[in-house]
Amino acid sequence: MVSLPIHSFIVFLLVLSVADQISAVNEPETEPVPAPWPEQFHAVLLMNKSGSLEIVDLWYDWVNGRNFNIIQKQLGKLSYDLEWNNGTSFYYTLDASKTCRTVHFEVGILRPNWLDGANYLGQRQVNRFLCNVWEKVEFLWYYEDVITNRPVQWIFYTGREAHVMTFEVGAVLEDEKWQAPVYCFHNDEKKSE
Ligand SMILES: *[C@@H]1O[C@H](CO)[C@@H](O)[C@H](O)[C@H]1NC(C)=O
Ligand SMILES: *[C@@H]1O[C@H](CO)[C@@H](O)[C@H](O)[C@H]1NC(C)=O
């Protein structure tokens, strides 16, 4: 594999972005669309819900029809939200309390193109990133880095904010980690919704 020095890559990006600006002048404007989600990725999210902070390890795995949120509340509980594309989600802890709640949804996990049809709102500087911003009606605002097309943050209508701290395309969590604990299956409908 040929490896180019990083500066030639940067020059390449600059040429691309200059070309973009020129074409923006000459052609009718087309609104940017959000990049589809990679079929598999790992992200670390900092969540802020009116001052309640959480670190979420998000493992998105469309290929295997599963999505995992491992949620650490600030100085609080570590909990697991394991979602399958057949609509079943397990919410559990792995501590002595052995709690598990099973929820069945009509729809499965988010599709990679779930942002299709979002309304483009323009650009905004978010922290250190210039972002394109879209609104997915009645759901959230989505902010994507203009240069890398990586998500920077999304904000739900409820006010809950997700700030993307890392975004590793192609990262997959080992299969063993996707096993809900046995008490998710032994507890029958009592703890289910
Ligand atoms: C979390 O959000 C609240 C507003 O809801 C804000 O006052 C606070 O500064 C935020 N905290 C962090 C760490 O972003
Ligand atoms: C959905 O898939 C998971 C994982 O294979 C399984 O545990 C769960 O029982 C399935 N739910 C339904 C409704 O089939």
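Residues numbered from 1 in each chain as written. Chains lettered and ligands numbered in written order. Predicted model: local features only at pLDDT ≥ 70, side-chain atom pairs only at ≥ 80, totals over all residues. Heavy atoms only, no water.

- If you check an unreviewed UniProt entry, the chain appears there as Transferring glycosyl group transferase from Arabis alpina.

### A closer look at the state of the cysteines
The term disulfide refers to a covalent linkage connecting the sulfur atoms of a pair of cysteines.
No. 1: Counting across every chain of the model gives one disulfide.
No. 2: The disulfide partner of Cys100 is Cys184, and the gap between their sulfur atoms is 2.1 Å. Taking the sign of the S-S torsion, 105° for the link of Cys100 and Cys184, the bridge is right-handed. Residue Cys100 is located in strand β6 (residues 100–104), and its partner Cys184 is located in helix α2 (residues 183–186); the two are separated by 84 residues in the primary sequence. (Disulfide = S-S within 2.5 Å. Helix = DSSP H or I, 4+ residues; strand = E, 2+ residues; numbered from the N terminus.)

### Quick look at the packing of aromatic side chains
No. 1: Scanning the entire structure with this criterion turns up 17 aromatic pairs.
No. 2: Geometrically, the ring pair formed by Phe41 and Phe167 is tilted, given 4.6 Å between the ring centres and 40° between the ring planes. Here the residue Phe41 occupies a position in strand β1 (residues 40–49), and Phe167 occupies one in strand β11 (residues 161–169), the gap between them amounting to 126 residues.
No. 3: With a relative accessible area of 0%, Phe41 lands in the buried category.
No. 4: The exposure class assigned to Phe167 is buried, which follows from its relative accessible area of 16%.
No. 5: Pairing Trp141 with Tyr157 gives two aromatic rings, centres 4.4 Å apart and planes at 20°, and the pair type is stacked. One end of the pair, Trp141, is in strand β9 (residues 140–145); the other, Tyr157, is in the loop between β10 (151–156) and β11, and 16 residues separate them in sequence. (Phe/Tyr/Trp six-rings, centres within 6.5 Å; stacked < 30°, edge-to-face > 60°. Buried < 20%, exposed > 50% of the residue type's maximum accessible area, 1.4 Å probe, protein only.)

### Thoughts on the site of ligand 2
No. 1: Lining the immediate surroundings of ligand 2 are Trp84, Asn86, Thr88, Phe90 and Phe185.
No. 2: Within the side chain of Asn86, an N or O atom sits 2.4 Å from an oxygen atom of ligand 2.
No. 3: For ligand 2, whose free accessible area comes to 370 Å², the fraction covered by protein is 47%.
No. 4: Split by residue class, the shell around ligand 2 holds three nonpolar, two polar and no charged. (Near = heavy atom within 4 Å. Polar contact = N/O pair within 3.5 Å; in protein donor to acceptor, adjacent residues only side chain to side chain. Areas by Shrake-Rupley, 256 points an atom, 1.4 Å probe, with all protein chains shown as cover. Nonpolar A, V, L, I, M, F, W, Y, C, P; charged D, E, K, R; others polar.)

### A few points about the nonpolar core
No. 1: Core analysis: the biggest nonpolar cluster contains 22 residues, and Trp37, Phe41, Leu45, Tyr142 and Trp154 have the highest contact counts within it.
No. 2: Elements with a contribution of two residues or more to this core: β1, β2 (52–61), β9 and β11.
No. 3: Looking at which element gives the most residues to this core, the answer is β1, with four residues.
No. 4: Residue contacts for Trp154: discarding those within four places in its chain leaves Trp37, Leu45, Leu140, Trp141, Tyr142, Arg160, Glu161, Ala162 and Val164.
No. 5: Membership of the second largest hydrophobic core comes to 14 residues, among which are Trp59, Tyr92, Trp178 and Tyr183. (Core = buried A, V, L, I, M, F, W, Y, C linked by side-chain atoms within 4.5 Å. Contact = heavy atoms within 4.5 Å.)

### As for the environment of Gln123
No. 1: In this fold, Gln123 is placed in strand β7 (residues 119–126).
No. 2: Overall, the relative accessible area of 48% leaves Gln123 in the partly exposed class.
No. 3: As for Gln123 and Glu144, which are separated by 21 residues in sequence, their C-alpha atoms are 9.3 Å apart.
No. 4: Gln123 has contacts with Leu130, Cys131, Asn132 and Val146, leaving out every residue within four places of it along the chain.
No. 5: Here the side chain of Gln123 touches Asn132 through a polar contact of 3.2 Å, side chain to side chain.

### Some remarks on the pairing of β11
No. 1: Here eight bridges tie β1 to β11, and the two strands are oriented antiparallel to one another. Counterpart to Met47 in the pairing with β11 is Ala162.
No. 2: Relative to β11, β10 is paired through three bridges, and the arrangement is antiparallel. Bridge pairing in β11 links Trp154 to Ala162.
No. 3: The antiparallel hairpin formed by β10 and β11 contains four residues in its connecting segment, where Gly159 sits at a positive phi of about 100°. (Pairing = 2+ DSSP bridges.)

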